[in-house]
Amino acid sequence: MEPLNALVAFSNFVVIPATAYGAQLALGALGVTLIYGILRFSNFAHGDTMAFGAMGTILATWALQAAGVSLGPLPTALLALPVGIAACAVLLLLTDKLVYKFYRARKVSPVLLVIVSMGVMFVYNGLVRFVIGVDDQNFDDGARYLIGAIQFRQMTGLDEGLAIRTSQAITVVTAVVTVAILFWFLNHTRTGKSMRAFSDNEDLALLSGISPDRVVRVTWLIVAALATIAGVLYGLDKSFKPFTYFQLLLPVFAAAIVGGLGSPIGAIAGGFVIAFSEVTLTYAFKKVANYLLPESLEIDGLAQLLATDYKFAVSFAILVIVLLFRPTGLFRGKSA
Amino acid sequence: MSEPVLIGSGMTGGYGAADILHDCTIAVEKGRISVIVGPNGAGKSTAMKAVFGMLPLRQGAVRLDGHDITGLSPQDRVAQGMAFVPQTRNIFPSMTVEENLEMGAFLRRDDIAGTMEEVYHLFPILAEKRHQPTGELSGGQRQQVAVGRALMTRPRILMLDEPTAGVSPIVMDELFDRIIEVARTGISILMVEQNARQALEIADTGYVLVQGRNAYTGSGAELLADPEVRRSFLGG
Amino acid sequence: MNPSLRTPLLFLAVAALIVLVGVLQSWNVALGILNMGLVSAIMALGVNMQWGYAGLFNVGVMGFVALGGLAAVIVSMPPVDAAWAAGGARVMAAMAVGAATIAGAIFLWKRLGRRSGRGLIVAAVLAIGFVVYRWLLGPAVDAIESVDPAATGYLGGLGLPIVLAWPIGGVLAAGAAWIVGKTALGLRSDYLAIATLGIAEIIIAVLKNEDWLSRGVKNVIGLPRPVPYEVDLQNSEAFVTRMSDWGFDPVTASTITVKLAYAGLFVLVLIVLLWLAQAALASPWGRMMRAIRDNETAAEAMGKDVTRRHLQVFILGSALCGLAGAMMTTLDGQLVPTTYQPLRFTFLIWVMVIVGGSGNNFGAVLGGILIWFLWVEVEPLGRWVMDNVTANLDDGILKQRLIDSAAHMRLLTMGVLMLVVLRFAPRGLIPER
């Protein structure tokens, strides 16, 4: 039974949380990588875009709750998601019109666009704080657990419990559906293909009659959806706090770069690489180890490689390793 | 002689203050092949870009079927039946052969399956590799994709900027054969070539440019026979 | 406007703003803004070297500033002898093992060449080194942190005058910059940005977690000062008499005197640095830097070692940030790791450089002081605006919400200001010549 218990503990504390977190990072990184591929800059405002979309969803959730609408065991936020996406899309399109369009027409260097996106980041950050404040907002009103730890113990007779939170299950299901739709769109629709063509070779896309304005517009719409979904899933799973979204920028970028900037499939792989590394390296393996080790060898320490606060160091270390040995990322992004 | 399908006449202009083209005239007739040759830096590619609207002209005009199109953007010219194959970066490398062709036909709303079959017929190797990303193909195959993509708009005029740059001599001969085949279907070809001799051999009309000016103009055979042209540009 | 007049006039205008605060609010607030403005100006000078001279994109300013803060603690606080006795040697041994492991791994990696199994050998060295490091560090840290945790629980510092921490803060930051630069320079500009963003977060995580070093979130307070204490001044008869003779309230006068003393020190440092920065910019080195920035390919073709030059300027700029960080912690008299927020310590500095005029040292200094002024003053201004806006509203959630939200106006203002400057005056208030 001991190895089974170890496996259950490992799944409970590492595999399940990391899968959910990885899915959230992957969705965030997909947004970053799409913007990089089409608009050709690293968008520093992406974390705050996620926060804005999540905020829109939270406000709509509150409105639905006030109206007495509920999805039963599922969080009401899922119902409010389209509102959040729409709000985020309006914000992004407006930003593009007021800010980015000017620089695009001038064909400025990408680094200047990055600096511009810093200014946008400030504005979004201020907007979110302005509207919803800086505090934690818990908006998950669904059932807490899909499988509870006690329930699992009773079912299996094991010592170790395994809990799957509803938010984790929802994260994975939503992410899979979102990614499937995105890839279907990119690979099988005329507009999606024209986006890939634009990302591949902008000049030739123009010669083929692909309208850059349309491609850019569609890109922002998709980014709004991805960012909002990522933001809401992260908020459901953990909690909504504007500042943590800003801090997500680092792991999200690390995921996009590790996968290869501009490569959607890379962004997904990168998200899971970063998430699993973070969770594994900061998990205290004492419990798992003691299930596996003979009694005489049991350890007292936490067997934790890094303190939880060093999770940024993990993203960073993986990023550096990839940059040193394979600067184009695992999936050969477009960055030379 | 009737008016050519496409003519850029008396073109003068450049990117900055200095002109690159000086009173340069380039024309192509229906179903014929026109070739622009000349030494490096003679403005060959620039002349073609001028015809395609990628260079601001100070003087001169471009006419398509007798209509003045000097003011049209390159995109508008594509819609008018001109197709352009750039020298480099002329495919979508991460997309498959078939997707490249589809993108070529992006502006078309009708059924493109027929045109695609024609392209595959012209370049059978592409039919074999239709589901492969073009970035993985050889240099010659990529050029075929590039030409195929341009043909997907069913253009009346196909413009090629050094289509044989960087491909082996065998592939080059093959590519020229295909270009002749395209011309036989009634599509006019305007081509810039580095390999002057081979290009003039298939040319109905040849333009020798020197420093942005028309130096010699004549049929391909005439130019090949002209001792002056042979000595100066064809290496004897 | 005459460009030679423009600079002094703009500086006069900023001075007038600060004087205005002195008259309208209080001189205490005005001098507070000035002092932090001077520190910010040095940070902006550092970022301007990297971005303005060389086009390097550093968004890890916060980390370098925090290292300066750590330097202030390490240099100036008295050593905690009990903690040293409890685990000092062992911590030092752990640090030595850690450094030796990394150095050994790099050495092996280079030495082994393309031999197969290189990766495995290096990984093994790193793994063994890490285990030994943790084995040494763990108990030592526990021992140190249990020494009077409420008051100390850390190793303390060297007990030297705190002014020494300023150059040492620069050196610490330069060391970190060397590591970042070695890995990320020469790659795409966005990669350097992400790398610096990451290192900054890591430095803050170290400050928060390594209690034995910096007391972590328990903060280090009561740092020694390079200037007199207010209480001492108030107890000094000579001071009280003189101030009373001049017609000032001795208590107010003492705080003002202390702030003026800081301002004097900071102005001195700023002038020296500005002079050095100007000299560097005008030197062949500075001209080459700008040549590289304007056309990297051409400079490379002329045989310039671009990456090496970039590394130099990156280290120099980061050192300035570290120095300013040490000065700031000196001014605060405490190290509070949780106050290091990237928006405030990285991105705000960028607003300063962009608004001031990237590539121009005077612009950076002006931007530093001006933006700090706005950062402080936008909040009361915002509250005043909101009070007026909401004056006619009934008391209720909306009114409270609007008034509360005034606190967040500063981020919005900074973002809008930055975007407006980038769009309509991309060369900033004092453009590069």
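Values in this document were obtained by computation on a predicted structure and should not be read as measured data.

## Notes on the sheet that holds strand 5 (residues 67-68) of chain B
All names here are of chain B.
Here is step 1 of the chain: Across the sheet, four strands lie side by side as 2-1-4-5; this open sheet has antiparallel pairing. Looking at strand neighbours, the two that pair on one side only are strand 2 (21-28) and strand 5, the edges of this open sheet.
Here is step 2 of the chain: Pairing analysis gives six bridges linking strand 1 (residues 6-13) to strand 4 (residues 57-64), with the strands arranged antiparallel. Paired with Thr-12 across the strands is Gln-59, a residue of strand 4.

## Focus: the UniProt feature "transmembrane region" (unreviewed entry) in chain A
All names here are of chain A.
Here is step 1 of the chain: The UniProt record marks residues 20-39, 51-71, 77-99, 111-132, 162-186, 218-236 and 305-325 with the feature "transmembrane region" (unreviewed entry), using the residue numbering of this structure.
Here is step 2 of the chain: For residues 51-71, the helix share is 76%, the strand share is 0%, and the end-to-end C-alpha distance is 23 Å.
Here is step 3 of the chain: Secondary structure across residues 305-325 comprises 71% helix and 0% strand; the distance between its end C-alpha atoms is 24 Å.

## What about the interface of chain A and chain B?
How big an interface is tends to be stated in terms of the accessible area lost upon association of its parts.
Here is step 1 of the chain: Each side of the interface is counted separately: chain A has 13 residues, and chain B has 17 residues.
Here is step 2 of the chain: Secondary-structure elements contributing two or more residues to the side of chain A that touches chain B are helix 7 (190-200) and helix 8 (202-207) of chain A.
Here is step 3 of the chain: It is helix 7 of chain A that provides the largest number of residues to the side of chain A that touches chain B, a total of five residues.
Here is step 4 of the chain: Along the lines of polarity and charge, the residues of the side of chain A that touches chain B split into five nonpolar, four polar and four charged.

## Description of unusual backbone geometry
Here is step 1 of the chain: Positive phi, close to 50 degrees, is recorded for Lys107(A), a residue that is not glycine.
Here is step 2 of the chain: With respect to the helices and strands, the residue Lys107(A) is situated in the loop between helix 3 (77-105) and helix 4 (110-132).
Here is step 3 of the chain: A positive phi angle, near 65 degrees, is found at Arg215(C), a position not held by glycine.
Here is step 4 of the chain: Here Arg215(C) shows up in the loop between helix 8 (211-214) and strand 1 (220-221).

## Quick look at helix 4 (residues 81-112) of chain C
Helical periodicity: at 3.6 residues per turn, an α-helix aligns residues three or four positions apart in one direction.
Residues and elements named next belong to chain C.
Here is step 1 of the chain: For helix 4, built from 32 residues, the straight-helix expectation of 46 Å at 1.5 Å per residue is met to within 8% by its first-to-last C-alpha distance of 44 Å.
Here is step 2 of the chain: Most pronounced at Gly-87, the bend in helix 4 amounts to some 60 degrees.
Here is step 3 of the chain: Buried within helix 4 are the following residues: Ala-83, Ala-86, Gly-87, Gly-88, Val-91, Ala-94 and Val-97.
Here is step 4 of the chain: Taken together, the buried residues of helix 4 touch helix 5 (118-145) and helix 8.
Here is step 5 of the chain: Downstream of helix 4 by one or two residues, Gly-113 has phi in the positive range, about 60 degrees.

## Remarks on the environment of Phe41(A)
Residues and elements named next belong to chain A.
Here is step 1 of the chain: Inspection of the secondary structure assignment puts Phe-41 in the loop between helix 1 (2-39) and helix 2 (46-66).
Here is step 2 of the chain: On the basis of neighbour count, Phe-41 is assigned to the buried category, with 22 C-beta atoms found within 10 Å.
Here is step 3 of the chain: With 69 residues separating them along the chain, Phe-41 and Pro-110 place their C-alpha atoms 5.2 Å apart.
Here is step 4 of the chain: Those residues in contact with Phe-41 that lie beyond four places of it in its chain are Ile-35, Tyr-36, Pro-110, Leu-113, Val-114 and Ser-117.

## Points about the environment of Leu74(A)
Here is step 1 of the chain: With respect to the helices, strands and loops of the structure, Leu74(A) is situated in the loop between helix 2 and helix 3.
Here is step 2 of the chain: Between the alpha carbons of Leu74(A) and Asp140(A) there is a distance of 8.7 Å; along the sequence they are 66 residues apart.

Rules behind the numbers
Residues numbered from 1 in each chain as written. Chains lettered and ligands numbered in written order. Predicted model: local features only at pLDDT ≥ 70, side-chain atom pairs only at ≥ 80, totals over all residues. Pairing = 2+ DSSP bridges. Helix = DSSP H or I, 4+ residues; strand = E, 2+ residues; numbered from the N terminus. UniProt positions renumbered as here; feature names shortened; annotations may be inferred. Contact = placed C-beta atoms within 7 Å. Nonpolar A, V, L, I, M, F, W, Y, C, P; charged D, E, K, R; others polar. Expected span 1.5 Å × (residues − 1). Bend = angle between axes of the 7 residues up to and from the residue. Buried ≥ 20, exposed ≤ 12 C-beta atoms within 10 Å, placed from the backbone.

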